[in-house]
Amino acid sequence: MEHAASHHKHHHDDHHDQESLKTLGFWIFLVTDCILFGTLFATYVVLRTNTAGGPVGKEIFDVAGFVAETFILLTSSFTSGLAVLAMHKGKIKELITWLIVTALLGLAFIGLEINEFYHMVMEGATISTSAFLSAFFTLVGTHGLHVSFGLIWMIAIMIQLGRHGINPVTSRKVYNICLYWHFLDVVWIFLFTVVYLMGVM
Amino acid sequence: MWEKIKDFASTFFVTGDPLIYGADVAIVLTTFAIIFVLTYYKKWGWLWREWLTTVDHKKIGIMYLIASLLMLFRGGVDALLMRLQLALPEMHFLHSEHYNAIFTTHGTIMILFMAMPMMFALFNIVVPLQIGARDVAYPFLNALSFWLFFFGALLFNISFVIGGSPDSGWLAYPPLSELSHSPGVGQNFYIWGIQISGIGSLATGINFLVTILKMRAPGMKLMDMPMFTWSVLATCILIIFAFPILTVTLGLLFVDRFFGGHFFTMDGGGNPMMYVNLIWMWGHPEVYIVILPAFGIFSEIVSTFSRKKIFGYKSMVFAMMIISVLAFFTWVHHFFTMGAGADVNAFFAVTTMAIAIPTGVKVFNWLFTMFRGRIQLKQPMLWTLAFIPCFAVGGATGVMLAVAPADYQYHNSYFLIAHFHQVLIGGVVFGYLAGIYYWWPKMFGFKLDERLGKWGFWLWNIGFYVCFMPQYALGFMGMTRRVYTYGWDLGWAPLNFTSTVGAFLMGAGFVFQIWQIAYSIKHGERDRTGDPWNGRTLEWSIPSPAPHYNFAVIPQVKGPDAWWEMKKEMQQDGTKKKPVQLKPIHMPKNSGIPFIMSVFWFIAGFGFTFSWVWMAVFGLIGVGICLLARSFQYDTDYYIPVKEIERTEKALGRAV
Ligand code: HEM
Ligand SMILES: [Cu+2]
């Protein structure tokens, strides 16, 4: 690694800046993820009234639960921003601490979501009850899977930070995971509005 | 116990058809032959080091090419089987279920496992060389894309002997593709085969977009880029916007089948027409994804073999961009008969017809480029010349189909079949073949034999018209697609028989091409100049085949047709290249992770297909571990020392 890094400086104009290249690719990946969620949202909107005699949103959405989820995820987005700020100041301890806080909040979010799903299923509102519920579980579940994936990735990055400190590679990774985290937050805002608020209204 | 095993085997393996048993034997024998050859010649290590772990875009391109030719063979055999069955009325060659499976696998394979990888082969082989780069933006991801495609295609193809093939059409419309109507595992093979290779395609889209935007040689502005590179750029944008829709659509179908969801079912509030909308929101852009690179190839070839720069460069670029946008607003023309209403149908009819305008602009630009050019009728140019009238007719019948009220008559008839084969064979296949002939010397260092190639060319072309012109007429006579047989009283026999003859002529053309490749490996004209066609773009400035690092020194570009201008300059100066200062070259290291990760995807896909959750989970965990392993890898590149570059360049006859 050291070796490659020192070479990196020598031959800077020989090859393009690898790290900014990767960040650009990550942005484009997020575009594709946007379309993925866009398609799921469209499906949900088309099917949300097709309850086929099953429960409607009002009957199964727990207001306290989804407000808490929203609050927690928004906060975690904020703390991930603090992590990036700490990174820019070169403070590795602070950086890792904020990442840990972010991850814990993310974990709490996932916990609440699993709890929500569990209760719905116990009440008999499952993915195979109606088209509405298929769309609901798929849309919200896909977001949840994204968050879970992000959690594992974040932990991996924390370990790498511990090993290598802050360098161009690790800071690119921190930057991208936080970008991802904000993105999931934005998606959640739409979920909150389109699924939950419009559902209980 | 024994009974249980026998029971399991009789459902696990496809049984009961002599054709399939024949195939079983062939597959087992080929596998053993390959294993034997590799072991006998001690080639396992070589295979692993040079191919399975490579991240070199040129080698990845060659692997894509080989795989796509194999798939062209498989899809072609499917086609010939169908044409045999339809050659005469009331044939008993294939029974109806078998026929359903074959038209499904034929369509899916030809678009997703033949056209797409052949396209990616050309992306990989050409784009970095054309823009003066040493590799793509993400070489590791590029290798991963290939292996995901490979194992996705493998998963799809084994359905032929294990479990049973999908049989609800190449786009798997529900409710036919739902558990209620397709309870077997075939449809799961379809979903997972496409899903796994689709992730790879999406990654390739991102990879080449960034490559083109960020890795061009210094001085090459966007408006200096070769036309093929432009077409790849347009295609990548289409891939990025269209493929996530496919991922979701198949994902939802999977949820229906695996978790009992109700997205597209007939009960529980599901809506099958939503699937049809979604799949065509991907599907129509998809047909433009495969045709745009063909347009790019034709532009390169027309310009090279007419010895002129391309006519109307800017209008070519704009035409492609307009096509890319319009491609997203025409999807409903595939189901005007859904009955969305006159206003909706009118909108989509107009957008569809509008696409013919930029396409026409391109055709005229090719014609004007040839006008007063010194045209050389080499193989790539032959295919290009054959393409122009063929595609013009295909486009015209497309406009006929786009007339919504008239489409109520044409829809799902043999008229439609003839239309899309005309644009897909006459456009996509001819285009990629032209590209393969054109860039073959760059890939392998020798040209493909002209004489055998001409046989192939004429057989394909005559065969094409003999096969598909009768189908337009059959459509008018009322023959619908996807019928496995018909009566004598309908009067369709002569035209169908003719069509089958044409199909076999094309098959013979393919055989000639394989013969041509085999013959040329031994006797083909070697290319020692690196510039066998007197080309205009940067790929022709380096030796054939290109060295591992492509360019010993990254070229400085001053405008379009960079290599042509450099050649002119060199002639004027009377000097050869000025001496240059070599520097160590930064290159990515090979990696086994893409291959291994794709094997795990295969395992996961297989598990999901058979609803063996333990296996699916095992596969997914493997995928996760591979991802983490890569994340923790920091030592991923190295430098080629100057000495080694000098040695390589000298061996290739280049003064440095
Ligand atoms: C000006 C150009 C084109 C026009 C106006 C056009 C129009 C149409 C229309 C209206 C249909 C639907 C007809 C029906 O289902 O009744 C159709 C089907 C189709 N077209 Fe085109 N098309 C054009 C070019 C292309 C190109 C370039 C390709 C591929 C490279 C292509 C591939 C297909 C395919 C695969 C189908 C039918 C697939 C299926 O139903 O399974 N078309 N076209
Ligand atoms: Cu279309």
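Residues numbered from 1 in each chain as written. Chains lettered and ligands numbered in written order. Predicted model: local features only at pLDDT ≥ 70, side-chain atom pairs only at ≥ 80, totals over all residues. Heavy atoms only, no water.

**Quick notes on the overall build of chain B**
Spelled out, the test is: In this description a helix means any DSSP run of H or I spanning at least four residues, a strand means any run of E spanning at least two, and both kinds are numbered starting from the N terminus. Type-normalised accessible area, obtained with a 1.4 Å probe on protein chains alone, sets the label of each residue: buried when under 20%, exposed when over 50%, and partly exposed for intermediate values. Note on contacts: a residue pair qualifies if any of its non-hydrogen atoms lie within 4.5 Å across the two residues. Working definition of accessibility: Shrake-Rupley area with a 1.4 Å probe, residue cover restricted to the visible protein chains.
Across its full length, chain B holds 20 helices and two strands. Within the span of chain B, comprising 656 residues, buried residues form 60% of the whole. Within chain B, residue pairs in contact and separated by at least 24 positions form 82% of the contacts whose partners lie at least 6 positions apart. Total accessible area on chain B is roughly 26200 Å²; 71% of this is exposed by carbon and sulfur atoms.

**Comments concerning the overall build of chain A**
Worth spelling out the cut-off: In this tally Asp and Glu are treated as negative and Lys and Arg as positive; neither His nor the chain ends contributes. Here the site of a charge means NZ on Lys, CZ on Arg, CG on Asp, or CD on Glu.
When helices and strands are tallied, chain A shows seven helices and zero strands. Secondary structure elements of chain A occur, N-terminal to C-terminal, as α-α-α-α-α-α-α. The dimensions of chain A, computed from C-alpha atoms along their principal axes, are 70 × 30 × 25 Å. For chain A, the residues scored as buried account for 52% of the 201 residues in total. With the model as given, the accessible surface of chain A reaches about 9100 Å², and the carbon-plus-sulfur share is 71%. Averaging the coordinates of the 10 positive side-chain charges in chain A and doing the same for the 14 negative ones gives two points 8 Å apart.

**Brief notes about the coordination of the iron atom of ligand 1**
All names here are of chain B. To be explicit about the condition: Distances up to 2.8 Å from the metal define which N, O and S atoms are donors, and 3.2 Å serves for Na, K and Ca; water is absent from the atom set, so sites may look incomplete.
In this structure, the iron atom of ligand 1 receives exactly one donor atom from the protein: His-419 (NE2), at 2.2 Å. Between the iron atom of ligand 1 and the copper ion (ligand 2) the interatomic distance comes to 4.7 Å. Note that His-419 resides in helix α14 (residues 414-444).

**Describing the packing of aromatic side chains**
Residue and element names in this part refer to chain B. As a reminder of what qualifies: Side-chain rings of Phe, Tyr and Trp (the six-membered ring for Trp) are treated as a pair once their centres are within 6.5 Å; stacked means planes under 30 degrees apart, edge-to-face means over 60, and tilted covers the remaining angles. Sitting over a ring, as applied to charges here, requires NZ of Lys or CZ of Arg to be within 6 Å of the ring centre and within 35 degrees of the ring normal.
This structure, assessed with the given rule, holds 98 aromatic pairs over all chains. Here the aromatic rings of Phe-347 and Phe-348 are separated by 5.0 Å at their centres, their planes lie at 85 degrees, and the arrangement is edge-to-face. Its guanidinium or amino end placed over the ring of Trp-51, Lys-59 lies 5.5 Å from that ring's centre, counting from NZ or CZ.

**Overview of the nonpolar core**
Rule in force here: Note on terminology: a nonpolar core comprises buried Ala, Val, Leu, Ile, Met, Phe, Trp, Tyr and Cys residues joined through side-chain atoms within 4.5 Å. Marked domain ranges trace back to an automatic or database domain assignment.
Core analysis: the biggest nonpolar cluster contains 248 residues, and A:Phe61, A:Phe136, B:Trp282 and B:Trp366 have the highest contact counts within it. Here this core gets 20 residues from one element, more than from any other, and that element is helix α8 (residues 227-259) of chain B. Two domains share this core, each providing at least three of its residues, namely domain 1 (1-42) and domain 2 (58-580) of chain B. The contacts of B:Trp282, once residues within four sequence positions are left out, are B:Leu112, B:Trp170, B:Leu171, B:Ala242, B:Phe243, B:Ile245 and B:Leu246. Listed in part, the 13 residues of the second largest apolar core include B:Leu86, B:Leu94, B:Ile417 and B:Met479.

**Structural notes on the site of ligand 1**
Residue and element names in this part refer to chain B. The condition that has to hold: When at least one non-hydrogen atom of a residue lies within 4 Å of a molecule or strand, that residue is treated as near it. Here a polar contact means two N or O atoms within 3.5 Å. Within protein one must be a hydrogen donor candidate and the other an acceptor candidate, and residues neighboring in sequence count only if both atoms are side-chain atoms. Asp, Glu, Lys and Arg are counted as charged, while Ala, Val, Leu, Ile, Met, Phe, Trp, Tyr, Cys and Pro are counted as nonpolar; the rest, among them Gly, fall into the polar class.
In the vicinity of ligand 1 there are 22 residues, among which Trp-170, Asp-407, His-411, His-419 and Arg-481 approach most closely. Within the side chain of Asp-407, one N or O atom sits 2.6 Å away from an oxygen atom of ligand 1. Contact distances for ligand 1 include 2.8 Å between a nitrogen atom and a side-chain N or O atom of His-419. Elements with a contribution of two residues or more to the shell around ligand 1: α9 (272-306), α12 (379-402) and α14. Of the residues that constitute the shell around ligand 1, the class distribution is 14 nonpolar, six polar and two charged.

**Re the interface of chain A and chain B**
Threshold: Buried area is understood as the total, over both parts, of accessible area removed when two parts are fitted together, assessed with a 1.4 Å probe. Any carboxyl oxygen of Asp or Glu within 4 Å of a side-chain nitrogen of Lys or Arg constitutes a salt bridge here.
Across the boundary between the two partners, chain A contributes 45 residues, which contact 40 residues of chain B. Taken together, the two surfaces of chain A and chain B that pack against each other cover about 3500 Å², and 72% of this comes from carbon and sulfur. Connecting chain A to chain B are zero salt bridges. Linking chain A to chain B there are nine residue pairs in polar contact (both at pLDDT 80 or more). Only α1 (2-10), α2 (18-47), α6 (131-164) and α7 (168-200) of chain A provide two or more residues apiece to the side of chain A that touches chain B. By residue class, the composition of the side of chain A that touches chain B is 21 nonpolar, 19 polar and five charged.

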